[in-house]
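Structural description and commentary
Listed here are the chains, written in short residue letters.
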Amino acid sequence: MHIKEIVLEGFKSYASRTTGGPFDKYFNAVIGLNGSGKSNILDSICFVMGITSLHHVRASGLTDLIYKQGTASITRVYRLYSIIVILINRRMVIKVIQN
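What counts and what doesn't
Residues numbered from 1 in each chain as written. Predicted model: local features only at pLDDT ≥ 70, side-chain atom pairs only at ≥ 80, totals over all residues. Heavy atoms only, no water. Phe/Tyr/Trp six-rings, centres within 6.5 Å; stacked < 30°, edge-to-face > 60°. Helix = DSSP H or I, 4+ residues; strand = E, 2+ residues; numbered from the N terminus. Buried < 20%, exposed > 50% of the residue type's maximum accessible area, 1.4 Å probe, protein only. Contact = heavy atoms within 4.5 Å. Salt bridge = Lys/Arg side-chain N within 4 Å of Asp/Glu carboxyl O. Polar contact = N/O pair within 3.5 Å; in protein donor to acceptor, adjacent residues only side chain to side chain. Pairing = 2+ DSSP bridges.

Next up on the list: the packing of aromatic side chains. For the coordinates displayed, the defined rule picks out one aromatic pair. For the ring pair Phe11 and Phe47, a centre distance of 6.1 Å and an interplane angle of 35 degrees mean the geometry is tilted. Of the two residues, Phe11 sits in the loop between strand S1 (2–9) and strand S2 (18–20) while Phe47 sits in helix H1 (residues 38–49), which places them 36 residues apart along the sequence. An identical accessibility class is assigned to Phe11 and Phe47; each is buried.

See below:
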C-alpha cells in the first residue's frame, strides 16, 4: 500500500486547498525552504492515520492543528479543516478523509 495523493485545507500552515502528488510507489521526498510547511505535510499524514498523541504532530491541543491567519496576533481562526489521503494497494483505492 502506498500514498497516491494528499489534499490539505485549513490544516496548520495550509489555509487554502493544497494538493500534493502523485507520489511514487517506492521513494518520495518533501523539500522546500525553512518554514515552508514540510513537517506539516508529514504531521497531516500521521494525524489521519491515527496518531496516539498530539505530541507526535507538534501540537498541545486540537486547535493547534487548525490554520490560524497571522502569527503573533491571530486575526482569524478557521474552524474547518480537511485532510484527504488517497492510499492504493494492489486491488483498490482507499480514500482516508479527516474533517
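Having seen the model, we can carry on.
When you line up the elements, Ser44 lands in helix H1. Residues within four places of Ser44 in sequence aside, it is in contact with Ile6, Leu8, Phe11 and Ile83.

Here we take up the environment of Arg91. Tracing the sequence through the fold places Arg91 in the loop between strand S5 (82–88) and strand S6 (93–98). Exposure remark for Arg91: the relative accessible area of 81% places this residue in the exposed category. Distance from Arg91 to Met1, taken between C-alpha atoms, is 9.7 Å for residues 90 residues apart in sequence.

If charged atoms from side chains of opposite charge come close, those side chains can pair. As enumerated under the stated definition, the model contains three salt bridges in all. The salt bridge partner of Asp43 is Arg58, with a shortest N-O separation of 2.7 Å. Here the residue Asp43 occupies a position in helix H1, and Arg58 occupies one in the loop between H1 and strand S3 (68–69), the gap between them amounting to 15 residues. Under the relative-accessibility criterion, Asp43 is labelled buried at 6%. Classification of Arg58 by relative accessible area gives exposed; the value is 52%. Here the salt bridges share partners, and the residues they tie into one network are Lys12, Asp43 and Arg58.

Before going further, it helps to examine the side chain of Lys12. With respect to the helices, strands and loops of the structure, Lys12 is situated in the loop between S1 and S2. We classify Lys12 as buried; its relative accessible area is 11%. One polar contact links Lys12 to Asp43, side chain to side chain, over a distance of 2.6 Å. A distance of 2.6 Å separates a polar side-chain atom of Lys12 from the backbone oxygen of Val57. Those residues in contact with Lys12 that sit more than four places away from it in its chain are Asn40, Asp43, Val57, Arg58, Asp64, Leu65, Ile66, Tyr67 and Lys68.

Bridge count between S1 and S5: seven bridges; the pairing is antiparallel. Residue pairing in the sheet places Glu9 in a bridge with Ser82 of S5. With three bridges joining them, S1 and S2 adopt antiparallel strand pairing. Bridged to Leu8 within S2 is Thr18.

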